[in-house]
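As a plain string of letters, each chain reads:
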Amino acid sequence: QDKNLEYEPHIVEVKPDLSKEIRRGSIMRPECPADQKFCYVLAGAKLEYLEYDPSRDVYAAWHSGGWGGHVADVLTVVEADPSLDLPIGCGGWSWACIGGHTEGTRMAYHPEWEDFGALCTSDIVKDNGLSYVPVLQTSGRPQTIISDSAISGAQSQTTWPGSLVACDCHFYMVWHGVQKEADWNGGDGTTDIAFARIEPLDGKVLHKKWIVKGTATRERTTKLAILGTAKGCQRFAFGYGELSSFYVYPERYFVAELDGEGNFITDKLDVTAITEWQEDEKWVTLGNGDVAWGTTWKRNDNGNPHHVTMKPDGVTRVRADKKCGCSYHGHNTGYGYTLLKEFHTSPSWGECKDQPGGCQYRDWGSSGFKTNEMFVTSLKASLRLGTPNSNDAKIVARDRHPDCDPQPKPSEMCRPEENECDADPCPGQTCDDPDTKKFG
């Protein structure tokens, strides 16, 4: 609504058949029009998530955040009571999941713990990494580091959450990234994929396992969802993408089945010619146990998905050369995830002098993907995602995970926010309470 590209975010409720709007309400923080703080902006990490808590009848709305010239995120809890006008409630935060510019994010609701869980990374690695933060707990707002991470550039993070799934009394999650910061090796390292089971209360890691580990390739764009209707959290649909070292997007896509410990119970199945999924899409478990997601893609000349590392013939890959080019190794949300910075050369670059000069961007996310076709892919729970292996035979039926002992819920779930930063949100400016770590 003004020159700083600040927009007014809304929650809109509609009938289940989408035939009629029921109501809508603004969730703009009052500090935005008054002081340009805690705004929704089209800058930095472009995120928009909405989850619902039926026990408290509240929404959790998580979106890109702006504070003057700074970018991070804002998570607002909204009262959904039909007698109210969608007022802002307590919980969440007005600025930054963790320190720095917010990068990868995921959110899910856990019905047994009656709280939302949030995963986030930022471009400040020290004391952060891939972190878990509960949403409705505002007393201390615990932050638990799940995994190490590394920075591949300004506002560019190598570690990225893929999925956060509630099952029994736990959250299950997958992500791609480095096993430790030093593994990135200045951009010459690989990224791998990990699986974990954590406590929703505080993010305590109960089990963690790196399940896809490459050498000459990088794995990323990973997804997880409950597959089937059986209890016990022992069958998950799992997917990931694989790419050559200096590409931004996957060249091949795979699915498989995992058990509750992250073990493969089927061999992986290559689905590159059939489908694809993007980094911020959510895999959803349907009522019959199938897993589905929707995305758009442009078709190749042969009708198959046009993956962004391909030319229209579906075979030739676009140039991505580290020595003479500058395609990003990681996500660069400051410029938009879908922008591939393909060339960055000049006559003074010695052996690169004959390459095209200057920096050119290919906006695969819009001009490269203009299409009126949306595709919904489903993985049928009645079939197997690949050939079952010896781990599949070891699964024993159960109603719940054995670690699901009765646990006390937080004694204080939702208090008004405290210790908000009123100072300039630059690094180094912290709140009165240093434990909150809310800085820009």
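Up top you'll find the structure we're talking about.
These numbers were taken from a predicted model, which means no experiment stands behind them.

**Considering the layout of surface pockets**
For step 1, the next point in the chain: Its volume calculated, the second largest pocket comes out at about 490 Å³.
For step 2, the next point in the chain: Lining the second largest pocket are 23 residues; nearest its centre among them are Ala108, Leu164, Val165, Lys282 and Trp283.
For step 3, the next point in the chain: Mapped by element, the contributors of at least two residues to the lining of the second largest pocket are strand E5 (48–53), strand E9 (102–110), strand E15 (160–167), strand E19 (217–226) and strand E23 (284–285).
For step 4, the next point in the chain: For the lining of the second largest pocket, the element with the most residues is E15, which contributes 5 residues.

**Quick word on the pattern of salt bridges**
For step 1, the next point in the chain: Summed over all chains, the structure comprises 15 salt bridges.
For step 2, the next point in the chain: Two residues, glutamate 242 and arginine 252, come together in a salt bridge whose shortest N-O distance is 3.6 Å. With a gap of 10 residues between them, glutamate 242 in strand E20 (residues 236–244) and arginine 252 in strand E21 (residues 252–258) connect regions that are remote in the sequence.
For step 3, the next point in the chain: Residue glutamate 242 is classed as buried on the basis of its relative accessible area, which comes to 15%.
For step 4, the next point in the chain: A residue is classified by how much of its surface remains accessible, and arginine 252, at 37% relative accessible area, is partly exposed.
For step 5, the next point in the chain: Among the ionic contacts, a cluster of salt bridges with common partners joins Arg235, Glu257, Arg384 and Asp392.

**Quick notes on the pairing of strand E7 (residues 70–79)**
For step 1, the next point in the chain: Burial analysis of E7 places 8 of its 10 residues in the buried class, the great majority of the element.
For step 2, the next point in the chain: Pairing of strand E6 (residues 58–67) with E7, which is carried by 10 bridges, proceeds in the antiparallel orientation. Its bridge partner lying in E7, tryptophan 67 is registered against histidine 70.
For step 3, the next point in the chain: From the end of E6 to the start of E7, which pair antiparallel, there are 2 residues, and glycine 68 there has a positive phi angle of about 65 degrees.
For step 4, the next point in the chain: Pairing of E7 with strand E8 (residues 88–93) involves 3 bridges; the strand directions are antiparallel. Across the sheet, residue leucine 75 finds its bridge partner in E8, namely tryptophan 93.

**Focus on the state of the cysteines**
For step 1, the next point in the chain: Under the defined criterion, the tally for this structure stands at 4 disulfides.
For step 2, the next point in the chain: Here cysteine 169 is linked by a disulfide to cysteine 404, with a sulfur-sulfur distance of 2.2 Å. Taking the sign of the S-S torsion, -95 degrees for the link of cysteine 169 and cysteine 404, the bridge is left-handed. Separated by 235 residues along the polypeptide, cysteine 169 in the loop between E15 and strand E16 (170–177) and cysteine 404 in the segment after strand E28 (374–379) bring together distant segments of the chain. The exposure classification of cysteine 169 matches that of cysteine 404, with both residues buried.

**Side note on a nonpolar patch on the surface**
For step 1, the next point in the chain: Taken together, the side chains of Val12, Val14 and Leu18 make up a nonpolar region of the molecular surface, amounting to roughly 270 Å² of accessible area.
For step 2, the next point in the chain: Positionally, valine 14 belongs in strand E2 (residues 10–14).

Cut-offs used in this document
- Residues numbered from 1 in each chain as written.
- Predicted model: local features only at pLDDT ≥ 70, side-chain atom pairs only at ≥ 80, totals over all residues.
- Heavy atoms only, no water.
- 1 Å grid on protein atoms, 1.4 Å probe; cavity = no way out; pocket = protein on both sides within 12 Å on 5 of 7 lines; lining within 4 Å.
- Points joined across faces, edges and corners; volume = space filled by probe spheres on them.
- Helix = DSSP H or I, 4+ residues; strand = E, 2+ residues; numbered from the N terminus.
- Salt bridge = Lys/Arg side-chain N within 4 Å of Asp/Glu carboxyl O.
- Buried < 20%, exposed > 50% of the residue type's maximum accessible area, 1.4 Å probe, protein only.
- Pairing = 2+ DSSP bridges.
- Disulfide = S-S within 2.5 Å.
- Patch = residues over 30% accessible without salt bridge, like charges linked within 9 Å, V, L, I, M, F, W, Y side chains within 5 Å.
- Areas by Shrake-Rupley, 256 points an atom, 1.4 Å probe, with all protein chains shown as cover.

So, to be careful, I would describe these as geometric facts and stop short of saying anything about function.
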